[in-house]
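Fold and geometry: a report
Chain by chain, the residues run as shown.
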Amino acid sequence: MNIRYWNRELETIDRSSLEKYQLENLKETVSWALKTPFYKKRLGEAGISSSDDIKKLSDIKKIPFTTKDDLRSAYPYGLLALPKEEVVRLHASSGTTGTPTVIYHSQRDLDRWTELVSRSVTMIGCGKGDVFQNMMTYGLFTGGIGLHYGAEKAGLLVIPVSSGNTKRQFKFMKDFQTTFVHATPSYMLHLYSKIEEEGFKLSDFNLKKSMGGAEPHSEDMRKKIESLFNIDMYNNYGLSEMNGPCVATECVYKDDMHIWEDSFYLEMINPDTLEESGEGESGELVISTLRRQATPLLRYRTRDLSVINPQPCRCGRTHRRISRIKGRTDDMLIINGVNVFPSQIEEIIMKMPEIGTNYLIAIEKSGALDKLTVKTEVGPDIFSDDARDLNALRHRIKDNIKAAISISPNVELHEPGVLPVHEGKAKRVIDDRKND
Ligand code: AMP
Ligand code: ZN
C-alpha cells in the first residue's frame, strides 16, 4: 500500500514519517530495478533478489553504486524496467565517448517529475499571474521541457522560448511583461550586457524572479545578477539521471537547496574512500530515485561535491538542504550549461589524420559567456600548403566538434612543437573561468 500525501503535507512531514515513506518507496524501486537486466545482475551479485532484502533504509548500503559508465554500458535498454509500450518519453545526455545515457519515463514518472518542478516554482512564490520565459534549451536536454510542464502545472503562463536569440528574449520580456525566467547564470549576465545594444532598457521589463542552474556559479555571481536586474534569483540543481531540473531548489530564504527527499534518497560519500561523509563534511552526492518506475537508479554517483545542511529551515520544510555545488570529482566540463568531456573532443581530433598528437582545450570567459578554443598541432607540410586548405581544415575540425558536443569552438592550428609538452600526465584542459 502506498502512503499518499498532499504536496504541502509532504513538504513539511516529520522526519520519521518521511523515512517510512522513503523506505516504502525504496523497496518498490528495488523491485522495479530487479526487472532491468542491469540491476538483476548487479543486485543479484550483491545478494539482493527481492525487495524483502531491504528491511530498513540503511540496507541501501548493501547495494553497489551506479555510475555514468554503468548507464552507458546499459545503453539502450539495459536499465528499462517497463515494457516499451508503457514508456512515453526518453531524454538522452552526452557521454564521454559519444555513447549517450538514456532515461525513460512512463506517464506516471513524468507526472511525478512535473509535480516536483511545480513544487519548486511554487516554493519561491511563483504561480497564477506569473509570466514565465523559459530560456533553457528545449530538446533532449531536460531543462526546457522539464521546467515547462511543471511551471504550467503551477499555473504560470509559460513562454517556451528556449535558449539563445537574445533580441527575441528581450522582445518577449517586454511585450509579455515576463515576471520570471529560468536561465543559466552565465546567460543571465550575457543578457544584461546586451540590453542597450539590442535597443532596450531595464525599465522596459517587469522581471521579478529568476531561477538558475545547470552550471556551477558562486554566491557572488547570484548577488551580481540580482543587483543588476533588481530581482531575486534562486539556485536550482538537477541532473538528467535524476529527471533533470528541480532535484534540489532554494526556498525563499536562499540558504542552500531543499532536496526533494520523498523522490530522491540522499547519501554523501567521500569520493576517495567511498565511505559515508560525516555530518557537515563535504562529499560527493549519491542519489537514488524513489518514485521513478521506467528507469530506477540506485545509489547513483553524481560526481557533484556539496555539503548536507541538516538544520531545520525557517520555511518549515523538513526536506534537508544541500549547499551550492562546489565542483565535480571527474573531468566533466560545463560550458554555457552544456556538459562536455574532454575525451569527446580528443576522440574527434584523433580521428583526423592531418592533426598531430598534441592539443589543448582552453576555456575562458568572453563577456558573460564561456568561450571554448581547441588548439591543435598539424603536420609541417600543411603549413606550406595553400592558406585556403588551412582554413578548410579549421572549419572541418570546428564542424566535427560542433556535431559531437553541440558547441562551436574556436579552432587554432599550430606548427608542431608550439603547444606545451608535458612530462607525465598531460594537462590538456586550461580552464580560466572564474565563477564570479
Ligand atoms: P545534465 O545531466 O546535463 O542536466 O547536467 C547535470 C550536471 O550539471 C550536474 O551533475 C552538475 O554538475 C551540473 N549542475 C546542474 N545544476 C547545477 C547547479 N545549480 N549548480 C552547479 N552545477 C549544476
Ligand atoms: Zn526552506
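Focus: the site of ligand 1
Within the structure, ligand 1 sits among 17 residues, and Asn235, Asn236, Ser240, Asp304 and Asn339 are positioned closest to it. Separating a nitrogen atom of ligand 1 from a backbone N or O atom of glutamate 215 is a distance of 3.3 Å. Asparagine 235 has a polar side-chain atom sitting 2.9 Å from a nitrogen atom of ligand 1. For ligand 1, whose unbound accessible area comes to 500 Å², protein coverage reaches 94%. Take the shell around ligand 1: its biggest share by element is three residues, from strand β7 (residues 232–237). A per-class count over the shell around ligand 1 returns seven nonpolar, six polar and four charged.

Here's the deal with the pattern of salt bridges
Considering all chains together, one arrives at 34 salt bridges under this definition. A salt bridge links lysine 254 to aspartate 232; the nearest nitrogen and oxygen atoms lie 2.6 Å apart. Taken together, the residues span a long stretch of sequence, with lysine 254 in the loop between β8 (248–250) and β9 (257–259) and aspartate 232 in strand β7 at a distance of 22 residues. You can call lysine 254 partly exposed: its relative accessible area is 21%. The residue aspartate 262 makes a salt bridge to arginine 291 at a minimum N-O spacing of 3.7 Å. On the criterion of sequence distance, the pair formed by aspartate 262 in the loop between β9 and β10 (264–269) and arginine 291 in the loop between β11 (282–289) and β12 (300–309) is long-range, its members being 29 residues apart. Overall, arginine 291 belongs to the buried group, its relative accessible area being 11%. One network of salt bridges, with partners in common, ties together Glu11, Glu115, Arg119, Asp262, Arg291 and Arg317.

Thoughts on the coordination of the zinc ion (ligand 2)
Only Cys251 (SG), His258 (NE2), Cys313 (SG) and Cys315 (SG) from the protein reach the zinc ion (ligand 2) as donors, at distances of 2.1 to 2.3 Å. Metal-centred angles of 102 to 115 degrees between the four donor atoms at the zinc ion (ligand 2) mark the site as tetrahedral. The motif formed by the donor residues of the zinc ion (ligand 2), counted along the single chain, is C-x6-H-x54-C-x1-C. Per residue, the accessibility class of cysteine 313 equals that of cysteine 315, and both read buried.

So, the domain arrangement of the protein
Looking at the protein, the domain boundaries give domain 1 (1–330) and domain 2 (338–435). Distance from the C-alpha centre of domain 1 to the C-alpha centre of domain 2: 33 Å. Taken residue by residue, the interface counts 16 residues in domain 1 and 10 residues in domain 2. Summed over both sides, the interface of domain 1 with domain 2 buries roughly 1,000 Å², with 52% coming from carbon and sulfur. Across the contact surface, domain 1 and domain 2 share zero salt bridges. Counting across the interface, domain 1 meets domain 2 through zero residue pairs in polar contact (both at pLDDT 80 or more). Per-element tally for the side of domain 1 that touches domain 2: the top contributor is helix α8 (residues 185–194), with four residues. Among the residues forming the side of domain 1 that touches domain 2, the class breakdown is four nonpolar, nine polar and three charged.

Topic: the nonpolar core
Among the nonpolar cores identified, the biggest contains 42 residues, and Val30, Leu43 and Tyr237 are the most heavily contacted of them. Taken together, the elements giving at least two residues each to this core come down to α2 (15–33), α3 (37–45), α5 (107–123), β9, β10, β11 and β12. A total of four residues in this core trace back to one element, the largest contributor, which is β10. The next biggest cluster of nonpolar side chains, apart from the first, holds 24 residues, and it includes Leu333, Ile355, Ile397 and Val429.

Things to note about α2
Here α2 spans 26 Å end to end across 19 residues, near enough to the 27 Å set by a 1.5 Å rise per residue. Looking at α2, one finds that the buried residues are Ser17, Leu18, Tyr21, Gln22, Asn25, Leu26, Thr29, Val30, Trp32 and Ala33.

Brief notes about the packing of α5 against helix α6 (residues 142–153)
Running from N to C, α5 and α6 cross one another at 70 degrees; their axes reach a closest spacing of 7 Å. Considering their axes alone, α5 and α6 lie roughly perpendicular with respect to each other. Packed against α5, whose contacting residues are Trp113, Thr114, Glu115, Val117, Ser118 and Val121, the element α6 presents Thr142, Gly146, Leu147, Tyr149, Gly150, Ala151 and Lys153 at the interface. Along the lines of polarity and charge, the residues of the contact of α5 with α6 split into six nonpolar, five polar and two charged.

Calculation criteria
Residues numbered from 1 in each chain as written. Chains lettered and ligands numbered in written order. Predicted model: local features only at pLDDT ≥ 70, side-chain atom pairs only at ≥ 80, totals over all residues. Heavy atoms only, no water. Near = heavy atom within 4 Å. Polar contact = N/O pair within 3.5 Å; in protein donor to acceptor, adjacent residues only side chain to side chain. Areas by Shrake-Rupley, 256 points an atom, 1.4 Å probe, with all protein chains shown as cover. Helix = DSSP H or I, 4+ residues; strand = E, 2+ residues; numbered from the N terminus. Nonpolar A, V, L, I, M, F, W, Y, C, P; charged D, E, K, R; others polar. Salt bridge = Lys/Arg side-chain N within 4 Å of Asp/Glu carboxyl O. Buried < 20%, exposed > 50% of the residue type's maximum accessible area, 1.4 Å probe, protein only. Donors = N, O, S within 2.8 Å, 3.2 Å for Na, K, Ca; no water. Tetrahedral: all angles 85-135°; square planar, octahedral: opposite > 155°, others 65-115°. Domains from an automatic or database assignment. Contact = heavy atoms within 4.5 Å. Buried area = accessible area lost by both parts, 1.4 Å probe. Core = buried A, V, L, I, M, F, W, Y, C linked by side-chain atoms within 4.5 Å. Expected span 1.5 Å × (residues − 1). Axes fitted to C-alpha atoms, helices over the stretch in contact; angles between N-to-C directions. Parallel < 35°, antiparallel > 145°, perpendicular 65-115°, else oblique.

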